[in-house]
Amino acid sequence: MFSRIVVPVDLAHLNRLDKVLSVSADLAGLYDVPIIYVGVASTVPDEVSRTPEEYAGKLEAFAAAQARAHGIEAMSHPLASADPQGDLNRILRTAIDTLGADLVVMASHAPNWLDWLLASHGGSVAEHSHASVFVVR
Amino acid sequence: MSDTRTGASGQDSEKPELEVAAEESPDVEPIPEPEGPTEVIETDYEIGQDNVERSWTLSFDIHQVVFTWSALAIMAFIVLTLALQTEIEPFFTGLRNWLTGNLDWFFLLSGNIFVIVCLVLIVTPLGRIRLGGPEATPDYGYIGWFSMLFAAGMGIGLMFFGVSEPLSHYSSAFGGISVGEDGARTDWAPLGGAEGNVAEATRLGMAATIFHWGLHPWAIYAVVALALALFSYNKGLPLTLRSAFYPIFGDRVWGWPGHIIDILAVFATIFGLATSLGIGAQQAAAGLDYLFGLGTGEATLVFLIIFITAIALVSIVRGLDGGVKVLSEINIALAAALLLFIILAGPTVEIVTGFFANLGAYGQYLPALSMPFGREDANFAQGWTAFYWAWWISWSPFVGMFIARVSRGRTVREFLIAVLIVPTLLSVLWMTALGGTAISQVVNYGVTAVQDAALELKLFEMLAGLPLTAITSFVGIVLVLVFFITSSDSGSLVIDTIAAGGKINAPVVQRVFWAIVEGLVAIALLLGGGLIALQAMAVSTGLPFTLVLLAACYAIIRGLMNEPR
């Protein structure tokens with residue numbers, strides 16, 4: 001059905017990702033395909049890492065931990081941006097194409113009145129990506 | 001090299017395919033490889049530790065102290081300014097006049113120090129140090145990078161003063177010296193003026209203008225930007241103004257000394273932006289009225305501010321690469337087109353030879369113009385130069401922080417040449433083309449329309465003397481508006497980063513909040529009165545920031561010396 005799952009993760013807010021991580025791991029097990037965890041580092045120091053390089057290490061460790069915990073194949077794909085929030089939708093769309101993923105599993109906030117201005121990342125990716133997108137709320 | 005790292009064994013078959021795909025992607029910047037040794041500062045402070053992060057309908061992530069105090073103080077100032085107009089405006093204009101009148105030597109001296117520090121850093125071995133570590137690669141290409149530097153740094157001012165300032169200095173220099181009854185000079189001529197001498201008055205006028213738009217303002221920006229970039233990218237501290245003070249205050253920068261620096265920066269930025277937005281809307285409206293006869297009533301002004309803010313919001317939501325960068329590139333392309341047109345349609349040979357002549361005049365008059373002590377031309381040195389220096393300095397937290405944000409991966413030398421030398425040369429060309437054409441219209445053809453026009457219309461009157469007026473004037477108005485939108489967008493980006501304790505990954509909705517605050521402050525003061533008071537206050541913040549910048553010079557040199565070489 002699918003050949004490669006991309007799961008965007010925000011290392012600063014892992015506590016919000018429980019559902020996404022287990023759903024994606026279940027799907028990876030079901031179709032027996034690898035997961036690529038995509039994370040976007042700030043180019044300036046933030047609470048997760050001081051350099052993009054340090055971030056890459058953390059994302060790699062995170063992927064390895066997920067692989068062990070769920071018994072799946074997992075890889076990491078670290079990216080960096082001077083505006084990891086504002087440019088996120090564009091970065092994710094390009095990364096999904098680059099990685100050739102056909103399924104994206106990602107978290108999204110519940111719809112609210114601000115969506116007319118700030119569409120949710122999940123919604124934006126689903127709207128523009130060629131891959132199937134599973135938005136978890 | 002692969003950007004995708006294998007987290008579990010047995011994935012080797014996946015890797016080659018991913019590598020190829022990754023190299024084909026021009027938009028996504030892959031993670032930089034190990035960036036080499038830098039002197040990372042060890043501190044117990046964790047970025048974001050003083051932040052509050054909540055998520056109700058909206059999620060936000062702000063620095064409790066900086067955000068709260070800035071927001072409260074901004075509201076208090078607005079209420080005070082609106083309620084006590086008759087008291088507040090004279091107070092702040094008085095404060096500003098006192099500062100530029102009595103401390104002019106301090107502003108001029110500090111300005112000279114900033115230029116010398118930057119020039120020395122270019123030629124010393126410290127210039128080889130790379131921001132982000134020895135092996136870091138630039139985040140932005142030359143065109144995008146340079147467009148953003150220039151659009152943030154000057155932008156709108158060049159549109160309004162490009163014609164008026166050279167003309168103004170030319171006229172006062174041509175008028176010569178006049179002395180009042182008390183023996184003090186009453187004229188506004190730079191230095192000794194050049195009474196009755198057209199050629200010399202032109203040279204002096206151009207030199208004085210270039211002086212105000214050349215090395216000094218860009219050195220002011222460069223100092224702030226370099227300090228922030230160095231302490232953030234190389235030393236691992238958050239991207240906020242207080243980080244540059246780590247060498248001086250140590251871990252105390254995370255407490256109140258740092259809070260005060262950051263709150264001041266938010267203040268200077270939001271008041272500077274709001275006053276520019278308000279005053280700029282008046283100027284843009286005057287231009288639109290000149291072209292289309294739309295009137296310059298309050299409704300037009302409020303509509304313009306809302307329009308500018310609305311477009312800025314769209315750009316903010318599109319992020320840095322999709323928003324500010326694109327806007328800046330449009331800006332520079334349009335400005336370049338206008339400049340090229342003026343050079344070709346105007347007195348081409350005069351402008352080309354004038355470029356070199358004015359550069360020479362700038363070099364010749366620079367020592368006298370930048371002399372902090374014993375000035376005879378007090379009106380010029382205080383009313384023009386000191387005012388400009390205070391104004392540039394009060395803008396420097398905003399521009400410097402924005403420049404720092406987009407300059408990772410450049411060497412110190414490359415950075416300083418791009419922030420100091422290239423913009424200065426471009427300013428010389430811009431002033432020569434716009435101001436030189438206007439002076440030439442006055443001198444050679446006796447056309448005084450430009451001289452007689454109101455400040456905000458001088459550019460359009462000058463364009464009226466050239467062919468295709470309707471098109472060029474329209475391009476001029478569009479440029480003014482796009483420059484404003486860019487400022488509103490990048491300003492919100494910067495204020496939000498400071499108010500979030502240096503985090504650039506806070507929710508975008510916070511930038512939307514700041515952009516709306518800027519617009520509302522501008523509208524409130526435009527309708528209620530008080531823009532002049534607020535502008536005077538923004539300029540007054542130039543004094544504390546001059547001290548901040550001097551300290552930053554020390555921090556930069558200390559910080560660079562400690563980097564592994």
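Keep in mind the model is a prediction, meaning the values are calculated, not measured.

1. Considerations on the overall build of chain A
Phase 1 of the analysis: Helix and strand counts for chain A stand at four helices and five strands.
Phase 2 of the analysis: Listed by position from the N terminus, the elements making up chain A come as β-α-β-α-β-α-β-α-β.
Phase 3 of the analysis: Against the globule reference of 14 Å for 137 residues, chain A gives a C-alpha radius of gyration of 14 Å, in line with a compact fold.
Phase 4 of the analysis: Taking the principal axes of its C-alpha atoms as reference, chain A extends roughly 35 × 35 × 25 Å.
Phase 5 of the analysis: Sorting the 137 residues of chain A into buried and exposed places 59% on the buried side.
Phase 6 of the analysis: Residue pairs in contact within chain A that sit at least 24 positions apart in sequence constitute 73% of those at least 6 positions apart.
Phase 7 of the analysis: Summed over its atoms, the accessible surface of chain A is roughly 5,400 Å², and 54% of this surface lies on carbon and sulfur atoms.

2. A look at the nonpolar core
Phase 1 of the analysis: Membership of the largest hydrophobic core comes to 191 residues, with the highest contact counts inside it found for B:W392, B:F415, B:L416, B:L434, B:M462 and B:W514.
Phase 2 of the analysis: Ranked by residue count, the leading element in this core is helix α10 (residues 256-292) of chain B, at 17 residues.
Phase 3 of the analysis: In contact with B:M462, other than residues within four places in its own chain, are B:V163, B:I342, B:L434, B:T437, B:A438, B:Q441 and B:V450.
Phase 4 of the analysis: Listed in part, the 25 residues of the second largest apolar core include A:V7, A:V9, A:A63 and A:L103.

3. A short note on the packing of helix α14 (residues 378-405) of chain B against helix α18 (residues 469-499) of chain B
Residues and elements named next belong to chain B.
Phase 1 of the analysis: Across the interface, α14 lies against α18 with an axial gap of 9 Å and an inter-helix angle of 85°. Put simply, α14 runs roughly perpendicular to α18. Counting all contacts with α14, which are made through P397, F398, M401, F402 and R405, the residues of α18 involved are S487, S490, G491, L493, V494, T497 and I498.
Phase 2 of the analysis: Its residues assigned to classes, the contact of α14 with α18 comprises seven nonpolar, four polar and one charged.

4. Thoughts on the layout of surface pockets
Residue and element names in this part refer to chain B.
Phase 1 of the analysis: There is about 740 Å³ of room inside the second largest pocket.
Phase 2 of the analysis: G157, F161, Q283, W391 and Q535 are the residues nearest the centre of the second largest pocket, which is lined by 38 residues in total.
Phase 3 of the analysis: Contributions of two or more residues to the lining of the second largest pocket are made by α5 (142-153), α6 (156-175), α10, α14 and α18.
Phase 4 of the analysis: Among the elements that line the lining of the second largest pocket, the one with the most residues is α14, at nine residues.

5. Some remarks on the pattern of salt bridges
All names here are of chain B.
Phase 1 of the analysis: Applying the stated rule across the entire model yields eleven salt bridges over all chains.
Phase 2 of the analysis: Close ionic contact of D262 with R242 constitutes a salt bridge, the shortest N to O distance being 2.7 Å. In this pair, D262 sits in helix α10 while R242 sits in the loop between α8 (215-234) and α9 (246-249), placing the two residues 20 residues apart along the sequence.
Phase 3 of the analysis: Given a relative accessible area of 0%, D262 falls into the buried group.

6. Section: the pairing of strand β4 (residues 103-107) of chain A
Residue and element names in this part refer to chain A.
Phase 1 of the analysis: Across the five residues that make up β4, a large majority, four, are buried.
Phase 2 of the analysis: Relative to β4, strand β1 (residues 5-8) runs parallel, the two being bridged by two bridges. The residue bridging I5 from the neighbouring strand is L103, located in β4.
Phase 3 of the analysis: In terms of strand pairing, β4 meets strand β5 (residues 132-136) through five bridges, oriented parallel. Directly across from V104, in β5, lies its bridge partner V133.

7. Considerations on the packing of aromatic side chains
All names here are of chain B.
Phase 1 of the analysis: Evaluation of the coordinates by the stated rule reveals 35 aromatic pairs over all chains.
Phase 2 of the analysis: Centroid distance W105 to F106: 5.9 Å. Interplanar angle 70°. Geometry classified as edge-to-face.
Phase 3 of the analysis: With relative accessibility at 15%, the residue F106 sits in the buried group.
Phase 4 of the analysis: When the ring of F303 is compared with that of F307, the centres are 6.1 Å apart and the planes differ by 20°; the resulting orientation is stacked.

8. Details of α10(B)
Quick reminder: α-helices carry 3.6 residues per turn. Residues three or four places apart thus point the same way.
All names here are of chain B.
Phase 1 of the analysis: End to end, α10 covers 52 Å across 37 residues, agreeing with the expected 54 Å (1.5 Å per residue, within 8%).
Phase 2 of the analysis: When you tally the buried positions in α10, you get 28 out of 37 residues, the bulk of the element.
Phase 3 of the analysis: Looking at the residues trailing α10, positive phi occurs at G293, about 65°.

9. With respect to the side chain of B:H212
All names here are of chain B.
Phase 1 of the analysis: Looking at the element boundaries, H212 is found in helix α7 (residues 198-213).
Phase 2 of the analysis: Here T385 takes part through its side chain, which lies 2.9 Å from a polar atom of the side chain of H212.
Phase 3 of the analysis: Not counting residues up to four positions away in its chain, the partners in contact with H212 are E165, H169, P217, F380, W384, T385, Y388, W389 and W392.

10. Some details on a nonpolar patch on the surface
Residue and element names in this part refer to chain B.
Phase 1 of the analysis: A cluster of nonpolar side chains, W105, L109, I113, M371 and F373, forms an exposed patch at the surface whose accessible area comes to about 420 Å².
Phase 2 of the analysis: Tracing the backbone through its elements, the reader meets L109 in helix α4 (residues 104-123).
Phase 3 of the analysis: Since its relative accessible area comes to 31%, L109 is described here as partly exposed.

11. Structural notes on helix α21 (residues 542-562) of chain B
Phase 1 of the analysis: Counted at 1.5 Å a residue, the expected span for α21(B) with its 21 residues is 30 Å, and the 30 Å between its end C-alpha atoms agrees.
Phase 2 of the analysis: If you check which residues of α21(B) are buried, you get B:G542, B:F545, B:T546, B:V548, B:L549, B:A551, B:A552, B:C553, B:A555, B:I556, B:G559 and B:L560.

12. Topic: unusual backbone geometry
Phase 1 of the analysis: Its identity as a non-glycine residue notwithstanding, A:D32 has a phi of 55°, on the positive side.
Phase 2 of the analysis: If you trace the backbone, A:D32 turns up in the loop between α1 (18-31) and β2 (35-42).
Phase 3 of the analysis: We classify A:D32 as exposed; its relative accessible area is 67%.
Phase 4 of the analysis: Its identity is not glycine, yet B:L191 carries a phi of approximately 50°, on the positive side.
Phase 5 of the analysis: Exposure remark for B:L191: the relative accessible area of 15% places this residue in the buried category.

The rules behind the values
Residues numbered from 1 in each chain as written. Chains lettered and ligands numbered in written order. Predicted model: local features only at pLDDT ≥ 70, side-chain atom pairs only at ≥ 80, totals over all residues. Heavy atoms only, no water. Helix = DSSP H or I, 4+ residues; strand = E, 2+ residues; numbered from the N terminus. Rg over C-alpha atoms; globule rule 2.2 N^0.38 Å. Buried < 20%, exposed > 50% of the residue type's maximum accessible area, 1.4 Å probe, protein only. Contact = heavy atoms within 4.5 Å. Areas by Shrake-Rupley, 256 points an atom, 1.4 Å probe, with all protein chains shown as cover. Core = buried A, V, L, I, M, F, W, Y, C linked by side-chain atoms within 4.5 Å. Axes fitted to C-alpha atoms, helices over the stretch in contact; angles between N-to-C directions. Parallel < 35°, antiparallel > 145°, perpendicular 65-115°, else oblique. Nonpolar A, V, L, I, M, F, W, Y, C, P; charged D, E, K, R; others polar. 1 Å grid on protein atoms, 1.4 Å probe; cavity = no way out; pocket = protein on both sides within 12 Å on 5 of 7 lines; lining within 4 Å. Points joined across faces, edges and corners; volume = space filled by probe spheres on them. Salt bridge = Lys/Arg side-chain N within 4 Å of Asp/Glu carboxyl O. Pairing = 2+ DSSP bridges. Phe/Tyr/Trp six-rings, centres within 6.5 Å; stacked < 30°, edge-to-face > 60°. Expected span 1.5 Å × (residues − 1). Polar contact = N/O pair within 3.5 Å; in protein donor to acceptor, adjacent residues only side chain to side chain. Patch = residues over 30% accessible without salt bridge, like charges linked within 9 Å, V, L, I, M, F, W, Y side chains within 5 Å.

The quantities given are spatial measurements derived from coordinates; they are silent on function.
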